[in-house]
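Close look at the chain arrangement
Here is how the chains run, residue by residue.
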Amino acid sequence: MGFISLAIFLASLSLFVGGYFLSSAFYYKRHDVKYSFKRMFPYEFNYPNSFKRNIYGNIAIVLSMVGIIVFYIYKMSNTNSQSITIYVLVALSIITAAFIGCLLFMPLQFLRTHMIVSTLCMTCAFALPALNALVGYETFKMAEVDSSKVLSIIAIVIGIILALTMVILLLNPRATYKIYLDKSVDENGNEVMARPKFIPIAFNEWWAIFTFILSPLPLIFIH
């Protein structure tokens, strides 16, 4: 287990968690509503305000994504493997980070573009851990000692779990941009419309982001 790669991953994870909670706090301050990734889209951290209104949260999240890219670049430059997979992972991490950036700052008024970016982001978020599982399998085949084989198996399992979770969410028929408001009756007997407590597509977008941040986990156990 490489301590430098572990440090990069933990720093990126810490920045993301800090950025998420900072952004949630700023959201509550602006709207007096508690933010929930189960029913709110990533772009809502910034909409309708500019980047500056959530500058600390945005900077932390952006730095966390840069950290994940640095992780993959570090792995690429310090691996003895001749497999092209690790090079594909670097390119894919950069592309996924770009898609996530779009999700964070592109409101639903650009619905068609948002849908395309969202789908591509979730597909890339599936591909990253899937490829990491493949790297784990390649390492397992080359391993000559039992401890290396065990670590490779752990890497494969983590990669498969992350990839399968993402693909299951991708195939969820309820994950569409047709969002229906919930009906309720207020204390005066009037019918009111409210945001659903769970919006599958919003949750999927956040899960793609979570998967991207967690995607390096399998590689921490190998090389």
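Residues numbered from 1 in each chain as written. Predicted model: local features only at pLDDT ≥ 70, side-chain atom pairs only at ≥ 80, totals over all residues. Heavy atoms only, no water.

**A look at a nonpolar patch on the surface**
Taken together, Leu-15, Leu-22, Phe-51, Ile-55, Tyr-56, Ile-59, Val-62, Leu-63, Val-66, Val-70 and Phe-105 make up a surface patch of nonpolar side chains, about 870 Å² in accessible area. Elements with a contribution of two residues or more to the nonpolar patch: α1 (3-31) and α2 (55-77). Within the secondary structure layout, Leu-15 lies in helix α1. You can call Leu-15 partly exposed: its relative accessible area is 32%. (Patch = residues over 30% accessible without salt bridge, like charges linked within 9 Å, V, L, I, M, F, W, Y side chains within 5 Å. Areas by Shrake-Rupley, 256 points an atom, 1.4 Å probe, with all protein chains shown as cover. Salt bridge = Lys/Arg side-chain N within 4 Å of Asp/Glu carboxyl O. Helix = DSSP H or I, 4+ residues; strand = E, 2+ residues; numbered from the N terminus. Buried < 20%, exposed > 50% of the residue type's maximum accessible area, 1.4 Å probe, protein only.)

**Remarks on the confidence of the model for the chain**
Here the chain shows a mean pLDDT of 88. Residues at 70 or above account for 95%. By mean pLDDT, strand β1 (residues 182-185) is the weakest element of the chain at 71, and helix α6 (residues 200-214) is the strongest at 95. (pLDDT = per-residue confidence, 0-100.)

**Considering the nonpolar core**
Core analysis: the largest hydrophobic core is formed by 56 residues, its most contacted members being Tyr-72, Leu-89, Trp-206, Phe-212 and Leu-219. Secondary-structure elements contributing two or more residues to this core are α1, α2, α3 (85-105), α4 (111-142), α5 (146-170), α6 and α7 (217-220). The residues touching Leu-219, leaving out its near neighbours within four places in the chain, are Phe-71, Tyr-72, Lys-75, Ile-86, Leu-89, Asn-132 and Val-135. (Core = buried A, V, L, I, M, F, W, Y, C linked by side-chain atoms within 4.5 Å. Contact = heavy atoms within 4.5 Å.)

**Quick word on the packing of aromatic side chains**
Counted by the stated rule, this structure contains 19 aromatic pairs. A centroid spacing of 5.3 Å and a plane angle of 85° characterise the contact between Tyr-20 and Trp-206, whose relative ring orientation is edge-to-face. On the criterion of sequence distance, the pair formed by Tyr-20 in helix α1 and Trp-206 in helix α6 is long-range, its members being 186 residues apart. Note on accessibility: Tyr-20 and Trp-206 belong to one class, buried. Summarising the aromatic geometry, the rings of Phe-198 and Phe-203 are spaced 5.5 Å apart at their centres and angled 50° between planes, so their arrangement reads as tilted. Since its relative accessible area comes to 34%, Phe-198 is described here as partly exposed. By relative accessible area, Phe-203 is classed as buried at 16%. (Phe/Tyr/Trp six-rings, centres within 6.5 Å; stacked < 30°, edge-to-face > 60°.)

**Let's talk about the pattern of salt bridges**
Counted according to the given criterion, the structure contains one salt bridge. Notably, a salt bridge pairs Arg-195 with Glu-44, separated by 2.8 Å at the nearest N-O pair. Linking Arg-195 in the loop between β2 (191-194) and α6 with Glu-44 in the loop between α1 and α2, this pair joins segments that are 151 residues apart in sequence. Take Glu-44: its relative accessible area is 8%, and that puts it in the buried class.

**Examining unusual backbone geometry**
A positive phi is found at Asp-32, a non-glycine position, where the angle reads about 60°. Here Asp-32 shows up in the loop between α1 and α2. For Asp-32, a relative accessible area of 57% puts it in the exposed group.

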